[in-house]
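Below, each chain spelled out in residue letters.
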Amino acid sequence: MGIRDRGIVMTAAAYVERAASRGVRLRDIIARRMGLSAKEAVPLAARKIRAGTGTYENICRGRLKDIGAHLHDALRQALIRELFLEIEAHTNELSALLADGADPCGGEVQQVAARLAQLRRAIGEAPEIRDGGGR
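Residues numbered from 1 in each chain as written. Predicted model: local features only at pLDDT ≥ 70, side-chain atom pairs only at ≥ 80, totals over all residues. Heavy atoms only, no water.

Engineer: Teacher, can you tell me more about the packing of helix H1 (residues 12–34) against helix H2 (residues 38–48) here?
Structural biologist: Helix packing geometry: the angle between the two helix axes and the distance between the axes. With their axes 8 Å apart at the nearest point, H1 and H2 run at an angle of 115 degrees to one another. In terms of axis orientation, H1 runs roughly perpendicular to H2. The hand of the H1/H2 crossing is right-handed. Touching Leu26, Arg27, Asp28, Ile30, Ala31 and Met34 of H1 are Ala38, Ala41, Val42, Leu44, Ala45 and Lys48, all from H2. Broken down by class, the residue content of the contact of H1 with H2 amounts to nine nonpolar, no polar and three charged. (Axes fitted to C-alpha atoms, helices over the stretch in contact; angles between N-to-C directions. Helix = DSSP H or I, 4+ residues; strand = E, 2+ residues; numbered from the N terminus. Parallel < 35°, antiparallel > 145°, perpendicular 65-115°, else oblique. Left-handed = near helix turned anticlockwise from the far one by under 90°. Contact = heavy atoms within 4.5 Å. Nonpolar A, V, L, I, M, F, W, Y, C, P; charged D, E, K, R; others polar.)

Written out as structure tokens, the structure reads:
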């Protein structure tokens, strides 16, 4: 018997693995945005899902045998929020560069545009994120 997540039946191990992947991704986004190391970003990420730092680290390392649905959902929702914030920031940065007369084919504009495309693809590849995640 498996766990049902957004209409998909998955084993408990897959459920924990998905949570670990989301936890690492959330931590890395926060670290990159704030200019922190991954270790320094753990307490901030843990706060976003209302979990203790040790619990969050165990989620990211896949050390839990089971993860509560409330933590799994909180991770998913926090990741969705962070991805949309990152998309918004990159969209604003791209608009500002172009408004300032930057060359659309220039390196800086292309880097921002590439990152924005990467984020949009990430959302497009994840149906649970693309549909707004139940927000």
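Engineer: Teacher, can you tell me more about the packing of H2 against helix H3 (residues 53–61) here?
Structural biologist: Between H2 and H3, whose axes approach to 9 Å, the crossing angle comes to 100 degrees. What the angle tells us is that H2 and H3 run roughly perpendicular. Along the contact surface, H2 presents Val42, Pro43, Ala45 and Ala46, while H3 presents Thr53, Tyr56 and Glu57. A class-by-class count of the residues in the contact of H2 with H3 yields five nonpolar, one polar and one charged.

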